[in-house]
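# Structure assessment
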Amino acid sequence: MRAFTDARGADTEDELWIVEHPPVYTLGLGADPAHVLNAHGIPLVQTDRGGEVTYHGPGQVVAYLLLDLKRGRGGRMYARELVHAIEEAVIDTLAAYNLAGERKAGAPGIYIADGPWQGAKIAALGLKVRASGCTYHGLALNVDMDLAPFGWINPCGYAGLRTVDMKTLGVTVPLAEAQAALTEHLLKRLKG
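Okay, so let's go over this structure.

Definitions and cut-offs
Residues numbered from 1 in each chain as written. Predicted model: local features only at pLDDT ≥ 70, side-chain atom pairs only at ≥ 80, totals over all residues. Heavy atoms only, no water. Core = buried A, V, L, I, M, F, W, Y, C linked by side-chain atoms within 4.5 Å. Buried < 20%, exposed > 50% of the residue type's maximum accessible area, 1.4 Å probe, protein only. Helix = DSSP H or I, 4+ residues; strand = E, 2+ residues; numbered from the N terminus. Contact = heavy atoms within 4.5 Å. Phe/Tyr/Trp six-rings, centres within 6.5 Å; stacked < 30°, edge-to-face > 60°. Lys NZ or Arg CZ within 6 Å of the ring centre and 35° of its normal.

## Digging into the nonpolar core
Judged by nonpolar contacts, the single largest core of 35 residues is most densely connected at I122, L139, L141 and M166. Looking at this core, the elements that each hand over two or more residues are β5 (60-66), α2 (79-96), β7 (107-112), β8 (121-129), β9 (135-142) and α3 (175-191). Here this core gets seven residues from one element, more than from any other, and that element is α2. In this structure I122 touches L94, I110, I112, A140, L141, N142, V164, D165, M166 and L169, once residues within four positions along its chain are discounted.

## With respect to the packing of aromatic side chains
A complete count under the given rule lists three aromatic pairs for this structure. Geometrically, the ring pair formed by F4 and W17 is edge-to-face, given 6.0 Å between the ring centres and 65 degrees between the ring planes. Of the two residues, F4 is situated in helix α1 (residues 2-7) and W17 in strand β1 (residues 15-19); the sequence distance between them amounts to 13 residues. Relative accessible area serves as the criterion here: at 28%, W17 is assigned to the partly exposed category. Taken together, the ring pairs connect Y25, Y55 and F150 into an aromatic cluster. Sitting over the ring of Y111, K104 keeps its end group 4.7 Å from the ring centre.

Listed below in structure tokens is the structure:
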């Protein structure tokens with residue numbers, strides 16, 4: 001992502017990378033390593049994104065947004081607008097599976113809005129926006145994964161923050177389908 005962004009020119013097309021990672025903990029620029037309670041042998045990677053510590057692993061959709069905000073939505077897009085568009089795309093994706101997601105003020109990402117899992121985090125967000133207006137990193141949506149590694153950290157720096165995936169909420173969907181749905185909703189929201 002950094003190499004792609006370093007090599008960008010004024011005419012470089014924006015890209016959206018949809019991936020699935022092997023188990024890894026990533027630490028954002030402001031992360032406190034004490035929030036990793038016991039890594040259980042899972043690799044720990046320092047990144048240059050915003051945010052605290054999170055877990056990536058099989059069964060999770062990870063979307064990296066390599067964008068030039070100077071060209072966003074027919075003109076300049078600001079980082080706050082981008083975060084809002086990303087969060088709306090996740091909410092739209094969840095709604096397509098009859099799940100209600102919501103934002104929490106001061107806590108980027110998406111949380112479950114109702115039911116027994118109300119307040120649990122289902123999607124994490126962490127971006128890097130360079131002074132040039134180019135972005136990388138992105139978001140992670142929990143689809144069907146082993147949630148135990150989230151219990152070995154303070155997710156996003158919050159002790160006791162519950163995390164959940166779509167399967168635990170009763171939605172069994174192939175990862176490829178969830179990847180396609182999230183991609184569709186991201187593209188719609190980013191086009192405005």
